[in-house]
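The primary structure of each chain is shown beneath.
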Amino acid sequence: MNKELHQGMSRYASLAQALLITSLLLCSGGLDLNAQISMSRLQPTSSLRAMEDPIAEGPIVLDHDEAYKCPVQGASDQGRYIFGYSFDSSFIYDRESKQYTIPSTGTRVIYVWDSGDAVVFVNQNSGGILPKGSTQVKSFTSPKADYPYVGPIYATSNTQYIIANLSNGGYHVLPAIISRSDAGTYVVKELPAPKEDLLGGEAQYTQARFCAEDGSIVYGVQVDWHGMFHRLVRWVRDSEGNYHFEGMLDDLFFNLQAPKPGPEPQEKDYITVPDTDPKYQEQLQAYHKAAQEWAKKVLARTKTVSFFSKKLQFSSDGNFICGAVRQAEDDETYTKEYPLLYDLRKSEAQIIRDMEGYCAVDVWGGQHLFCFTGAPPIGGSSVWSLATKKPQAFLKWLSARCGRDLKKDFTYESIDDFTGEKKEITLPGYPTRSRGGLVITFFGLGQSEEHNARNSYLVFKKPFGTFIEEVQPREANLFGGYQASTRALYTSASGCQISVYDTQGILCFQGESNTEGVCLLPQSLTQGAYIITLVHPNKGNTSVKLHIDK
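Here is a short report on the structure shown in this document.

Cut-offs applied
- Residues numbered from 1 in each chain as written.
- Predicted model: local features only at pLDDT ≥ 70, side-chain atom pairs only at ≥ 80, totals over all residues.
- Heavy atoms only, no water.
- Helix = DSSP H or I, 4+ residues; strand = E, 2+ residues; numbered from the N terminus.
- Buried < 20%, exposed > 50% of the residue type's maximum accessible area, 1.4 Å probe, protein only.
- Areas by Shrake-Rupley, 256 points an atom, 1.4 Å probe, with all protein chains shown as cover.
- Core = buried A, V, L, I, M, F, W, Y, C linked by side-chain atoms within 4.5 Å.
- Contact = heavy atoms within 4.5 Å.
- Phe/Tyr/Trp six-rings, centres within 6.5 Å; stacked < 30°, edge-to-face > 60°.
- Salt bridge = Lys/Arg side-chain N within 4 Å of Asp/Glu carboxyl O.
- Pairing = 2+ DSSP bridges.
- Axes fitted to C-alpha atoms, helices over the stretch in contact; angles between N-to-C directions.
- 1 Å grid on protein atoms, 1.4 Å probe; cavity = no way out; pocket = protein on both sides within 12 Å on 5 of 7 lines; lining within 4 Å.
- Points joined across faces, edges and corners; volume = space filled by probe spheres on them.
- Nonpolar A, V, L, I, M, F, W, Y, C, P; charged D, E, K, R; others polar.
- Polar contact = N/O pair within 3.5 Å; in protein donor to acceptor, adjacent residues only side chain to side chain.

Each helix and strand in the protein chain was counted, giving seven helices and 38 strands. Counting only residues that meet the buried cut, the protein chain has 52% of its 550 residues in that class. Accessible surface computed for the protein chain: about 25300 Å², of which carbon and sulfur atoms make up 47%.

Here we come to the nonpolar core. Membership of the largest hydrophobic core comes to 37 residues, with the highest contact counts inside it found for V218, F253 and I321. When neighbours within four sequence positions are excluded, V218 is seen to be in contact with I163, I177, L191, A208, F210, C211, V233, R234, W235 and Y243.

Turning our eyes to something else, we now look at the packing of aromatic side chains. Aromatic ring pairs are reported here in terms of the distance separating the ring centres and the angle at which the planes meet. Applying the stated criterion to the full structure yields 23 aromatic pairs. An angle of 70 degrees between the planes, with centres 5.7 Å apart, marks the rings of W235 and F245 as edge-to-face. Pair noted here: W235 is in strand β17 (residues 230-237) and F245 is in strand β18 (residues 243-247), with a separation of 10 residues, a long-range link. For W235, a relative accessible area of 0% gives the class buried. Between F370 and Y430 the ring centres are 6.1 Å apart and the planes differ by 75 degrees, which places this aromatic pair in the edge-to-face class. One end of the pair, F370, is in strand β24 (residues 368-373); the other, Y430, is in strand β29 (residues 430-433), and 60 residues separate them in sequence. With a relative accessible area of 1%, F370 lands in the buried category. Three or more aromatic residues joined by ring pairs form one cluster here, namely W364, F370, F372, F394, W397, F410, Y430 and F442.

A separate point is the pattern of salt bridges. All chains considered together, the criterion is met by 13 salt bridges. For K69, the salt bridge is made with E66, and the minimal N-O distance between the two is 3.6 Å. Note that K69 and E66 are positioned in helix α3 (residues 65-69) at a spacing of three residues, about one turn of the helix.

The four strands lie next to each other as β15-β16-β17-β18, forming an open sheet whose pairing is antiparallel. In the strand order of this sheet, the two ends are held by β15 (205-211) and β18, each with one partner. Taken pair by pair, the neighbouring strands of this sheet meet at an average axis angle of 30 degrees, ignoring direction.

To continue, consider the sheet that holds strand β2 (residues 55-61). Pairing is antiparallel in the open sheet, where four strands are placed in the order β2-β31-β30-β29. Bordering the open sheet on either side are β2 and β29, each of which pairs with just one other strand. On average, each strand axis in the sheet is inclined to that of its neighbour by 15 degrees, with strand direction left out of account.

This next bit is on the pairing of strand β31 (residues 453-460). In terms of residue burial, β31 counts as a mostly covered element, since eight of its eight residues are buried. Residues A453, N455, Y457 and V459 line one face of β31 and the alternating positions R454, S456, L458 and F460 line the opposite face, and both faces are buried. Here β2 runs beside β31; their pairing, made up of four bridges, is antiparallel. Counterpart to I60 in the pairing with β31 is Y457. When strand β30 (residues 439-445) meets β31, the two strands line up antiparallel, connected through seven bridges. Looking at β31, one finds that G444 is bridged to R454.

When its volume is computed, the largest cavity comes out at roughly 60 Å³. Residue composition of the lining of the largest cavity, grouped by class: five nonpolar, one polar and three charged.

Attention now moves to the side chain of R95. With respect to the helices, strands and loops of the structure, R95 is situated in the loop between β5 (90-94) and β6 (99-101). For R95, a relative accessible area of 16% puts it in the buried group. Among the polar contacts made by the side chain of R95, one reaches the side chain of E57 at a distance of 2.9 Å. In contact with R95, other than residues within four places in its own chain, are E57, G79, R80, I82, V439, Y457 and V459.

With that settled, the discussion passes to helix α7 (residues 394-402). Summarising burial for α7: seven of the nine residues are buried, a large majority. Of the positions making up α7, those classed as buried are F394, L395, W397, L398, S399, R401 and C402.

Here it is in structure tokens:
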């Protein structure tokens, strides 16, 4: 462990417990049909560089006392409000007014809507809605008297649905969804959950985590009694408004053909005499034998890969579930960890074994998987390209797409907790992208023991997150040329898939070449530079840079 990581461990400890390792813009305008574009302007590209600075402002460090105590957790959908929380404190920062709102002690801000209203979790009480400018929480009401506390954990951007868990003050929880009525009030509804897990024993708990924007599907986890096997589950809403429980990826993590081992044998059911009794050893051996047989059945029922739900979260665009799995090195110990990515649109899961030690956190633009290793804010971050299957250091990746080196923006002095010496470190910390894509927040290591966290943010001119890969063309002659007067893009075959991106990486057009190998580009493309990717039905793919002049 290097020194800056080592010196941050003590400072990080007070923050890590509370950290919740918790979205495309179309181009518009008119094209000057008189633009003359020579064939020389259509050239294969080996690198992509922004033509203008995409950053509107930042990075900016949040400098309030409360923001120095707890990690930033993200921003509202369009990025006006930035929020953070620790176990018993939180803050909301309004970028327009430059004002901070500090909720009462024991209140955690789970999400802030663009209206300024916040969803909050309240320790040993029910959470609720904290209206903008108010200090009074409008608490949710639990439908179960024996589980009186409503703990919200996720909210949709449209303010219509909130995912929560009902608690009795202990570790056991019941999953729930909260819906906003036409009158503007919120109604809490318990979600059904079987008591039995896939091993045939009693589940320790079943917890809801997040949901689709329209509330039609809720996602969560079911954990066995020992906390060893985490099952990805969901609740699907029918036409009557009722939710039905079902497992996800069960065949990936469990051997469903093997019999359920059932409840674990309990010592009290086998040993009924004191250890001085002659029958004690006989009963003890019988108990050990039963426990060993049960363990064998568990291993037969489960596979060598175990889902790890503590790092489960929704991607900011709502299209992926991100998390981690653990690989068994032997029959009992899970030591290797790999990113897990589940594509909700394709119902496909992949485990990225080339990224050992990392957890999947978010997907940007459907192509770039952000991964983190270690514990925020002092772990390492990397971006895995789903297209090229290659990793890249996060700060280098981000700098390339912003068109400038951001290293100096995340280099600062920090005081070593052990020696008291000042040292310059470079650490962006843990980034979180707003759902609208305009803001990225960074939870970094604080500069002193008093300032535990160094929270900062970047604001972009356009939604940040959709990028094409920087690749060498496989076939330079896949493009035949471009005719400005007709907006015709010539390819070497029919059926070529064409995608046009601006220099921000935002998708502007998708089409296909016709039987003559021609694809007409739309008039909505304004003056400027574009990157065009072509996927040939037989000859691979390539990308070219096209500049449209007036």
